[in-house]
Amino acid sequence: MWAFYYIYSTYIVPSAKHQSGTDHLTVPVPVSKPYILLSESTPAEGTAVWMSCGLENGTGPIHYTWEQESYSGLVTTLAESNSSVLNITWVTRNHTGWYRCLARNEVNQQRSDRIWVDVLYGPDMPLIHATAYSVTENGYSVLEKGNVSLMCQASSNPPSRYFWLYNNSEIFSGPQLTIMRIMRTHTGNYVCQAENANLTTRSKKTITLTVFYPPDGAPSCSILSVNNYTDVALSCSWVGGFPPPTLKWTPYENGYNGRTTTNITLIRPGPHTANNSVFICYGSHVALNVNQSCSSRAWLPYGEPQCSANSSSSNEYLMLSCSWEGGFPRALLWWVSSSGDMQGTSEENSNILVLRSSANYSGKTFVCHAKHPLAIQSSQCIIKLEAPVLMTQRSEISAFEGSDAQLTCILSKHYPAVKEITWYNNMKQKVGDKTKKYNVQQAAGWSNLTVRETVGTVDSGQYWCSATNAVGGTEIPVTLLVIMPVSKPYILQTDSSPVEGTPVWMHCVVENGTGPIHYTWEQESYSGLVTTLAESNSSVLIITWVTRNHTGWYRCLARNEVNQQRSDRIWVDVLYGPDLPQIDVTAYSVTERGYTVLEKGNVSLMCQAESNPASRYLWFYNNSQVDTGPQLTITKVLRVQVGYYACLALNTYLNTRSKKTISLSVYYPPDGGPSCSILPVNNYTDLALFCSWVGGFPPATLNWSPYVNGVSTQGIDNATRIQPGPDTANNSVFFCYGTHVALSVNQNCSTTTRLPYGEPHCIAYTTRNNEYLMLSCSWEGGFPRALLWWVSSSGDMQGTSEENSNILVLRSSANYSGKAFVCHAKHPLAKESKQCVVNLEAPVLMTRQSVVSVYEGNDVELTCILIKNYPAVTEITWYNNLKQNVGDTPKKYILQQAAAWSNLTVRETDSRVDSGQYWCSAANAVGGTEIPILLRVMKYPMPPNVTITKITYSSRQRTDVTVEWQIQIDGDITGFFIERQRLPGPVGRSDIDPLWQKVAVDLEPSTRSYQINNLDPTGKYAFRVTAVNQRTVGNPSEVKSPGNPPFRAYPAVIAATIGGMLVVTIPTVLLFLYVVRNRNNIPRLHDMLFGRQNSQSRENVNIPEDEVVEGGGADSVQGEGSSSLPGQ
């Protein structure tokens, strides 16, 4: 460290002169003993220090020498010059020592007393010495459960304090950290932190401590199959410990073997490895004295692979199982189908292939292949799948009614095994649900079903024998015939009163009788004629479409090889109808569309429809019921009765209906007269004269007059004529004449053409939120109405064309600013089109002042002016200095708006809250803008400080306090406020209020005293006064507590004494003179009247007993418990 010394010239020249004429005498003064002035006796390393060698006397020039004495007593000369100041610009620890200066002139020399300079420095980077097992690149390593000592040293003055941290947590203080029986959990970063308490500086050094510990237990051995199960891999692992252990296999043969840590793998050829070979893995660790080992044995599985096939309980899945148990490592097994494709996945030890049941597997074979590393070739086993095949001894069995019958079923082949042979009766129901009726006997390859106490009507029929496994199923029928004669039949029918067109079946029921049974059906009509309808072996007669002709008596005849029987007859009544009604009308005339009559004539309508039972009739007029019965009569028919008349025939039993509708027309003339109108045509270049006379029947005939060049269409109800527009004069009148067969006099109407007034008018406006821009164009008046359309400045048509007025709606965009839109207007009477133009402008804002200043507490007004915009801006928006819309806080801000300006008033400004940049914003549909206005809220000047000159209780009751104060200097003041604080009272009181409370506010600026009333006489209080200038609050005055008032009874006592003395002057004077002259004889009476000589007859009232005078020491505080509060 280098030090730089700067020399300053200082001359002390004491001299004595005697002047006589022109001669001068100079007397040299010897130097006095110097003394040293030092800027800092304990400087910090790196700072600057100066020393000054001071002299009381001495004639210059004076030469100064600076010397330093080290710890060892070595004296070194630092500097020699005419300067008395030694300046060290960069102090180092080497500057610590004794310093003295030597001053000499031409008369003598003197050496100062030495002074000690103690340089503070450090701490330097600590050095850590560790007693460890070994030193690694990352730090130190130790053995678990050993002892470790860490010693930390760092140069420092004053000496360092040391703290040890483990993983950033403090664990010890002191230079040496000792860890007894260290554990592996103590591994981590250890930090020594050295601190210089005087300089509040620190430094630290970090080391890493690693604990060596062995892994738990012993190595773990295993043998795995590798290289597609052709070789074996000897795997040895010993996890844990630090550093990792070293592993090695023995014996060593062909294959890879190498020393490694944590785990080791040895690859050996499988077929070259003998069965039941034993291999040993040895493990060693630096923390263990004895090696650890493990062993493993390789051996082949027993016998050959075993295969089997099974199915799930519901035969939903087929499961092929293959196993080759035993062996180490375990053998690998996989399934291959008859096509050579691998099925499923390969598994070790056992492999179950699950297949969804399918008949496609029947007759197929599956091969299970098994591979073991110690076997030269793979082994296999084969499964062939077969669906079950059934057969029976007899396919048909006969039995007499009431005896038992036995049915037999035999299973010839199947794999996987069929779990059960199932029987179904002649109703295809499983017989196992009816054990009282049926008895089933089962064995591995056959099953018998016994039907007990056979009944011909119940048990005859086809029975089924069924067997199923996972690859298929089969069933075979066995017919049981129970022989018996036929009984008298009876007929069951679906409906005795069928509806025409529906199907009907009749069943000839024979409760007993052995088939085959022959059935004959007969029908007997109303006249008694019997007809044979059908003969067959079927007991059912089906009529697929019943007609009204099938009404009559029916019976059936049943016969077999034993006998025949005829049933009783039954009646079948076929319901039908109603058919489509027929309507007969007495009308004026018949047309293609119906019937016509003259207004106020009479009409009769008659309706008929076939039906069983007979029909009911309802009449409807235009879907509203008007009458019941087959005949409807209308007298004096009117035009309002024109419409559709419907006859509805109802079959109430079948709830069916049919309907016939006719149209009835009434001739009548149209009301009033024709109606005229003019429409534009041919792109608004021509006029279409349109005339209509709606109403009446038949329609009226129309004709235009006068006729001018153009196209005219004459017709009924309406007539249209095309009139050239430019050739038609303004205010032209046209007439339309109408005639009707029911009228004797023609009717007419007229219409007038005219141009719109003036020129087209255009305006632009926006929606409330400026989302859309609307351009409005109108050219009102005129007949027919004019056509208007908008065109952009680029010449493209915008929107659609409209008549009379056209509003173009555009989505707001700044791209429209400065653009023009043209509205074109076209009228047939005008030879050329007219137009009006709209120019769009985004708003532009300006302000009177960009920077506005105001004193805190006052209101301030900011102004924003809108100089141009179109369409008009609906609102000017203001944002405060926080970029918040001022409309959300109406109590703080006041807005004034006009069409082209807006004022924002900020109320009761606050410098901390309201100062900043405010924004005035305006937007219309074609753009927006905003300008900033900077508001500077300035604080009022700080008021002068206040000094309390006097504070006393107003009375001995201590309930009122009078405070007097003065200001230290003149300044701006708008008022004062007084604060009170309650001080701690006697021990045990809980009424202490440490907070300052305002007891007087808004005092006039001229006020210099104030009385505070209603105080607790038992409490102790402190007060302070603060000056206020508008909203700027000054510094509080010093804190003072009130003193007791002076004793004011002395004047009254003196007045009373003087009055009494005036009354008894003479006796009293004589008594006093007597006592004075004889004070030695009567000392007690003398002392009683005059008191002792040193007594004080009056109390000094100049200083209140309890007044507190700051800085006056203990004697300046009088009275009870009065005190000044330091720091308040």
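Our subject is the structure that appears above.
It should be emphasised that the depicted structure is a prediction, and the values quoted were computed from it without experimental measurement. (Residues numbered from 1 in each chain as written. Predicted model: local features only at pLDDT ≥ 70, side-chain atom pairs only at ≥ 80, totals over all residues. Heavy atoms only, no water.)

Q: Just checking my understanding: could you explain the sheet that holds strand β13 (residues 148-153) for this structure?
A: Strand pairing in a sheet is mediated by backbone hydrogen bonds. Such pairs are either parallel or antiparallel. With respect to topology, three strands assemble into an open sheet ordered β10-β13-β16, the strand pairing being antiparallel. The strands lining the two open edges of the sheet, one partner per strand, are β10 (127-130) and β16 (176-179). Direction aside, neighbouring strands of the sheet carry axes that sit 15° apart on average. Where β13 and β16 come together, four bridges link them in antiparallel fashion. Note on β16: the bridge partner recorded for L150 is L177. (Pairing = 2+ DSSP bridges. Helix = DSSP H or I, 4+ residues; strand = E, 2+ residues; numbered from the N terminus. Axes fitted to C-alpha atoms, helices over the stretch in contact; angles between N-to-C directions.)

Q: How should I be thinking about the state of the cysteines in this particular structure?
A: What we call a disulfide is simply a covalent bond connecting the sulfur atoms of a pair of cysteines. Enumeration according to the criterion identifies 14 disulfides in this entry. Covalent S-S linkage joins C691 and C736, the inter-sulfur distance amounting to 2.0 Å. Taking the torsion about the sulfur-sulfur bond, which here is approximately -85°, the covalent link between C691 and C736 counts as left-handed. Residue C691 is located in strand β59 (residues 686-692), and its partner C736 is located in strand β63 (residues 733-739); the two are separated by 45 residues in the primary sequence. (Disulfide = S-S within 2.5 Å.)

Q: Looking at this structure, I do not really get the pattern of salt bridges. What am I missing?
A: Pairing of side chains with opposite charge becomes possible as their charged atoms draw close. Within this structure, the stated rule accounts for 33 salt bridges. The salt bridge involving E67 is made with R100; its shortest N-O contact spans 2.9 Å. Placement of the pair is E67 in strand β4 (residues 63-69) and R100 in strand β7 (residues 97-104), with a sequence separation of 33 residues. For the pair formed by E67 and R100, the shared burial category is buried. Salt bridges sharing common partners tie together E67, E69, R100, R111 and R114. (Salt bridge = Lys/Arg side-chain N within 4 Å of Asp/Glu carboxyl O. Buried < 20%, exposed > 50% of the residue type's maximum accessible area, 1.4 Å probe, protein only.)

Q: Whenever I open this one, the pairing of strand β66 (residues 772-778) confuses me. Can you help?
A: Every other side chain in a regular strand lies on the same face of the sheet, so the side chains alternate between the two faces. In terms of burial, β66 is largely enclosed, as six of its seven residues are buried. Bridge analysis of strand β65 (residues 761-766) against β66 gives six bridges, and the strand direction is antiparallel. Within β66, the position partnered with C762 by the bridge is C777. If you look at the hairpin formed by β65 and β66, you'll find five residues sitting between the two strands, and N770 has a positive phi there, around 60°.

Q: Would you mind showing me how to read the sheet that holds strand β69 (residues 805-811) here?
A: Taking strand neighbours across the sheet as the criterion, the three strands line up as β65-β66-β69 in an open arrangement whose pairing is antiparallel. Each of the sheet's edge strands pairs with one partner strand only, and the pair in question is β65 and β69. Sheet twist, expressed as the average angle between the axes of neighbouring strands with direction ignored, equals 15°. In the sheet, β66 pairs with β69 via seven bridges, with the strands oriented antiparallel. Within β69, the position partnered with C777 by the bridge is N806.

Q: I'm lost on the side chain of R958 in this one. Help?
A: Structurally, the position occupied by R958 is in the loop between β80 (946-953) and β81 (961-967). At 3.4 Å, the side chain of R958 forms a polar contact with the side chain of Y953. (Polar contact = N/O pair within 3.5 Å; in protein donor to acceptor, adjacent residues only side chain to side chain.)

Q: What is the right way to look at the side chain of T863 in this model?
A: Within the secondary structure, T863 is located in strand β74 (residues 860-870). For T863, a relative accessible area of 9% translates into the label buried. At 3.0 Å, the side chain of T863 and the side chain of N903 are in polar contact. Those residues in contact with T863 that sit more than four places away from it in its chain are T847, R848, W878, S902, N903 and I933. (Contact = heavy atoms within 4.5 Å.)

Q: It is not clear to me how the packing of aromatic side chains should be interpreted in this structure. Could you clarify?
A: Two aromatic rings are characterised by how far apart their centres lie and by the angle between their planes. A complete count under the given rule lists 13 aromatic pairs for this structure. Judged by centre distance (5.6 Å) and plane angle (65°), the rings of Y71 and W116 are edge-to-face. Of this pair, Y71 sits in the loop between β4 and β5 (75-81) while W116 sits in strand β9 (residues 115-117), and the two are 45 residues apart along the sequence. Owing to a relative accessible area of 30%, W116 belongs among the partly exposed residues under this scheme. With 5.9 Å between their ring centres and 70° between their planes, Y361 and F366 make a pair best called edge-to-face. (Phe/Tyr/Trp six-rings, centres within 6.5 Å; stacked < 30°, edge-to-face > 60°.)

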